[in-house]
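Chain and residue survey
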Amino acid sequence: MVLSRLSQLGARILRESRLGQISTIQRDLKTGPCSPFLCPMGKFSFSNTASGQTTEGDGKDKETISVTFLNKDGEEKVIEVPVGMSMLEAAHENDIELEGACEGSLACSTCHVIVMDVNYYNKLEDPTDEENDMLDLAFGLTETSRLGCQIVAKPELDGIRLALPAATRNFAVDGFVPKPH
């Protein structure tokens, strides 16, 4: 479990440091299991050099956008997502059943979402070749399908509606045990 947490945190540090989003790592270090062994520097504060804002309990409200998730039963859940956070992370923080088996490393298609409005879809950056390769494996692919890990909240996406497909192509869930050859 500790090794899993460390590998998740390491992957997240690399990804978010490239995007200038260190603040979510700091939050996780404060709220997650943190012993002197795992966090030898103790409770420390990061600064987002892109914006110059610190996140050390300064009471500043981060800019958020409104996102609506539609589950496979058609039920809607509206959440507030901080600008700069991926839809996969936002879904996980709000108990929305968006799997994300590869934890946002573009190695699966289990965070497949469908953008419900083409106008919002057109506001997204074009998918990379890696994302398109993973989308080819997604269940229920549509013209406005994207990976939730690749949709990052920005002000022009305020009000976006994302539908979760009826299933994923992850066979190693729900107690699945592969049979030997």
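Residues numbered from 1 in each chain as written. Predicted model: local features only at pLDDT ≥ 70, side-chain atom pairs only at ≥ 80, totals over all residues. Heavy atoms only, no water.

You'll find the protein chain entered in an unreviewed UniProt entry as 2Fe-2S iron-sulfur cluster binding domain, with Musa troglodytarum given as the organism.

Quick look at the overall build of the protein chain now. Counting its secondary structure elements, the protein chain contains 5 helices and 7 strands. Its helices and strands taken in sequence order, the protein chain reads α-α-β-β-β-β-α-β-α-α-β-β from the N to the C terminus. Restricting to contacts in the protein chain with at least 6 residues of sequence separation, those with at least 24 account for 59%. Looking at the protein chain as shown, the accessible area adds up to about 11100 Å², and 55% of this sits on carbon and sulfur atoms. (Helix = DSSP H or I, 4+ residues; strand = E, 2+ residues; numbered from the N terminus. Contact = heavy atoms within 4.5 Å. Areas by Shrake-Rupley, 256 points an atom, 1.4 Å probe, with all protein chains shown as cover.)

Glancing now at the sheet that holds strand β6 (residues 145-147). Judged by pairing direction, the sheet is mixed, and its 5 strands sit side by side in the order β4-β3-β7-β5-β6 without closing on themselves. Bordering the open sheet on either side are β4 (76-82) and β6, each of which pairs with just one other strand. Averaged over all pairs of adjacent strands, the angle between their axes in this sheet comes to 35 degrees, without regard to strand direction. As paired elements, strand β3 (residues 64-70) and strand β7 (residues 160-163) share 4 bridges and run parallel to each other. If you follow Val-67 over to β7, its bridge partner there is Ile-160. (Pairing = 2+ DSSP bridges. Axes fitted to C-alpha atoms, helices over the stretch in contact; angles between N-to-C directions.)

Let us now look at the packing of aromatic side chains. Per the stated rule, a full pass over the model turns up 0 aromatic pairs. The ring of Tyr-120 carries the charged tip of Lys-123 above its face, separated from the ring centre by 4.9 Å. (Phe/Tyr/Trp six-rings, centres within 6.5 Å; stacked < 30°, edge-to-face > 60°. Lys NZ or Arg CZ within 6 Å of the ring centre and 35° of its normal.)

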